[in-house]
Amino acid sequence: VAVALVGTCAAIYLVSQFLRNSVGVIAPDLAAELDLSAGAIGLLSSVFFFAFAAAQIPLGVALDRYGPKRCMLVCAVIALAGTIAFAFATTPAALVGARALMGLGSSCYLMAPLALYARRFPPERFAALAGIQIGIGTVGTLLVTAPLAFASAAIGWRATFLAVAGVV
């Protein structure tokens, strides 16, 4: 049970890291398809972080009040909605809205698992579990480079994001 819990938490953190860094890889495709300027691409990238940061204080309250599992479930639904909306977006405003949802949905996938580990495991295991969480999650940053570029070239960025939504 512990391995499944940690694996699931680390996997969704991996996806959140992937979503966080994805715009930089597909920026040329977005710019060409939707005629986006460099400023629009910058906004698209940064809105994820604005939503992510804005959620941190309410998220902390929600973690204490409702618990990490409920918060992760709600955030998964929001991240899923944002990822699907991004795949189907046809305007810059729709892309920005979808990225905001992705940022909001991804906002809990470091802190909620850490809260869960602190509640469910002995204190002496916390550092190892946190290291596993961060280590596996960081692989998402690696997957957003060449693999995303390859997938986008092979099936398109929209289909790639629908596949990522399937993982979420």
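Structure: see above.
Residues numbered from 1 in each chain as written. Predicted model: local features only at pLDDT ≥ 70, side-chain atom pairs only at ≥ 80, totals over all residues. Heavy atoms only, no water.

Right, let's talk about the packing of aromatic side chains for a bit. A complete count under the given rule lists six aromatic pairs for this structure. Taken together, a centroid distance of 6.3 Å and an interplanar angle of 20 degrees make the contact between Phe 48 and Phe 52 stacked. Of this pair, Phe 48 and Phe 52 both sit in helix H2 (residues 38–54), separated by four residues, roughly a single helical turn. Given a relative accessible area of 0%, Phe 48 falls into the buried group. Of the residues examined, Phe 52 reaches a relative accessible area of 19% and is grouped as buried. Judged by centre distance (5.4 Å) and plane angle (65 degrees), the ring pair of Phe 86 and Trp 157 falls under edge-to-face. Linking Phe 86 in helix H4 (residues 68–88) with Trp 157 in helix H9 (residues 157–167), this pair joins segments that are 71 residues apart in sequence. (Phe/Tyr/Trp six-rings, centres within 6.5 Å; stacked < 30°, edge-to-face > 60°. Helix = DSSP H or I, 4+ residues; strand = E, 2+ residues; numbered from the N terminus. Buried < 20%, exposed > 50% of the residue type's maximum accessible area, 1.4 Å probe, protein only.)

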